[in-house]
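Take a look at the letters that make up each chain.
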Amino acid sequence: MIDDPPVDPAALSPDSLVTATVREELTRFARHRYARRTWRACVALFGATVAIMLFGSVAQRLGPVDTTLSLRPAALGDTRVNVPPLGALGLDTHDGPLQLNVTVDQVRPDDVRQLFSNPRLLDSLEGDVTRGVKHGLIHLAIKTALVALAGSILLTWLVYRRFRDIAVGVAVTISALLATAVFARVTWRDHALATPTYTGLLALAPAAIGNVEDLQTNFTQYGQELSKIVTNVSKLYDVTSALPKAPSDLTIRVLFVSDIHDNTAAFDVIKSVVTQFGVAAVVDAGDMSDHGFDIENELYAPIRSLPVPYVFVRGNHDSASTEAALRAMPNVVVLDDSVKTVAGLRMAGSGDPMFTPDQTTPMTAEEQATALTQQGERLAAAYGATPDRPPGADLVVVHEPPAATPLFGRVPLVLAGHTHQRREEMHDGTEFLVQGSTGGAGLRGLEHTTPTPLDLSVLYFDPTTKKLVAYDNLELGGLGLTSVDIQRHAVAATELHIPGTPLPTPPTAPPASPAPTPSTSESPVTQSPFSGLPSGSAAGSPTASADPPPTNRPTRRAAALP
């Protein structure tokens, strides 16, 4: 072997001298046998790490929940519970170099229903979950060790092609795995369960989970409550799947929703009602969001899968980012001082003039009232009827009810939300419907003893006149409730009374004639406005032309789950 020529220090600059010295020392170290062993160890560990990242996970069933357990390289270790799309829960349980990830994949409603129908299964749920965790961790540890050894062997063989180097790599990998396990056990911190770190949307609502310190001391009680919540969610799905199917007819059906407030369960309800009732479009009166953050936009992805157009106006909790995210969806139609023809109906509307989560420019009550009045006046001027022209829209959508007042007598139908309380009123020939909260008021719905129900309505329009002829109000029980209530309402035919114009003169009654002599002939039959509407939508709904004329008195149907 020929040695490198000696370096003349006097011929080099200070920086070059340092570089040359370092290179010379590295060259000398690389020729040493310990250096070769270090490189072999690095190759083996790198192969093991790649294998763990690719294959170090197992699927594990924990009661009615399907999860994925995995290990990932991490300098700080810890445990991370991922709950898509809401965010994650971080627990400082141990130190590195491997992090334990638990990802919730899905909740199986069929299994939850079995738990609910069989109290014995519910009593054994905690034991099943505990055994599932132990089994999953053991399975994960064994699989991680095997894939790590396989990755180490494969990469070492590809690089060195010698069995002695492979044996060294296997020994290094086993030693690293044992050291990692011992280090994690020594640094394990039980108290970390009481101090989780929330990320994503979970950071907005840790109070919804309860006092985290109590979670450690009352684990059994919280486990029981969790199973109840999961069970009640499955009840909601049961109810919507049992809604009556609507036959095909000429009425135009529109689903009216509002104030979802980030409750993703509402989208499952909406999709079910769209299918069951043959809905042609969905109209949302706003407050899709709760805070208007960009991260909340991920929750609205289910709207893309709806097979019908989704008409939306911005609410006071919806930011410009919320509206932009919805506008980017191909089936979403945003009304913002515009009129669009959807499902054969001319729909007008505009977004709420306020964004209340923004406290940098607060508005007084008087300023808010003025802004809402101006919103309604602007819509009335653009699309409302005047003595010399008909209304330019079949319905107008606003978020807050005060914005509807200038539209009374100017358009046939106004839809609003915001209050989380249903209202049905008639003003100067304008039907005014205020929707409750289709999202059960979001997390606010859990603040009261009785959970806020989920409200939505199916509106029926005459295909020729485009007038509202009937509507079904659906109310689904919130968490802990087990029924769905459907109320059928008929809408009387009325003409608009434009403000400032004289009231129509009632027709003069004809002169009284002698009472007819009673006869045995049958009375004439009046055509029911409900002809062609879904016969199963409410108990006792008239469907044939021989039915008596309906009134505005609602009919109810309560569906209880087993």
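Residues numbered from 1 in each chain as written. Predicted model: local features only at pLDDT ≥ 70, side-chain atom pairs only at ≥ 80, totals over all residues. Heavy atoms only, no water.

## Focus: the overall build of the chain
Regarding its fold elements, the chain presents eleven helices and 20 strands. Buried residues in the chain amount to 41% of all 562 residues. About 29,700 Å² of surface is accessible on the chain, with carbon and sulfur atoms providing 61% of the total. (Helix = DSSP H or I, 4+ residues; strand = E, 2+ residues; numbered from the N terminus. Buried < 20%, exposed > 50% of the residue type's maximum accessible area, 1.4 Å probe, protein only. Areas by Shrake-Rupley, 256 points an atom, 1.4 Å probe, with all protein chains shown as cover.)

## Side note on unusual backbone geometry
For residues that are not glycine, phi is negative in most cases, and the peptide bond is trans in most cases. In this model, A343 sits at a positive phi of 55°, which is unusual for a non-glycine residue. When you line up the elements, A343 lands in the loop between β11 (338-342) and β12 (345-349). Owing to a relative accessible area of 28%, A343 belongs among the partly exposed residues under this scheme. In this structure, D428 takes a positive phi of about 55° despite not being glycine.

## Some thoughts on the sheet that holds β12
One open sheet accounts for six strands, arranged β11-β12-β13-β14-β16-β15; its pairing is mixed. Here the strands that pair on one side only, and so sit at the sheet edges, are β11 and β15 (423-427). Strand-to-strand twist in this sheet, taken as the mean axis angle between neighbours without regard to direction, amounts to 20°. Direction of pairing for β12 relative to strand β13 (residues 395-397): parallel, over a ladder of three bridges. Bridge pairing in β13 links G349 to V397. (Pairing = 2+ DSSP bridges. Axes fitted to C-alpha atoms, helices over the stretch in contact; angles between N-to-C directions.)

## Remarks on the side chain of S437
Secondary-structure assignment places S437 in the loop between β16 (430-434) and β17 (454-461). According to the relative accessible area criterion, S437 is buried, its value standing at 1%. Discounting chain neighbours no more than four positions away, the residues touching S437 are S258, D259, H420, P453, L454 and D455. (Contact = heavy atoms within 4.5 Å.)

## Some details on empty space enclosed by the protein
In total, this model carries one cavity of 30 Å³ or more according to the counting rule given. Roughly 50 Å³ of volume is contained in the largest cavity. Class assignment for the residues of the lining of the largest cavity results in five nonpolar, three polar and three charged. (1 Å grid on protein atoms, 1.4 Å probe; cavity = no way out; pocket = protein on both sides within 12 Å on 5 of 7 lines; lining within 4 Å. Points joined across faces, edges and corners; volume = space filled by probe spheres on them. Nonpolar A, V, L, I, M, F, W, Y, C, P; charged D, E, K, R; others polar.)

## Notes on the pattern of salt bridges
Within the structure shown, the criterion is met by eight salt bridges. Taking the shortest distance from any N to any O, the salt bridge between E323 and R327 comes out at 2.7 Å. One end of the pair, E323, and the other, R327, are both in helix α10 (residues 320-327), four residues apart, so they sit about a helical turn from each other. Classification of R327 by relative accessible area gives partly exposed; the value is 45%. Two residues, D337 and R378, come together in a salt bridge whose shortest N-O distance is 2.9 Å. Taken together, the residues span a long stretch of sequence, with D337 in the loop between β10 (332-334) and β11 and R378 in helix α11 (residues 365-383) at a distance of 41 residues. Classification of D337 as partly exposed rests on a relative accessible area of 38%. Among the residues examined, R378 registers a relative accessible area of 40% and is labelled partly exposed. (Salt bridge = Lys/Arg side-chain N within 4 Å of Asp/Glu carboxyl O.)

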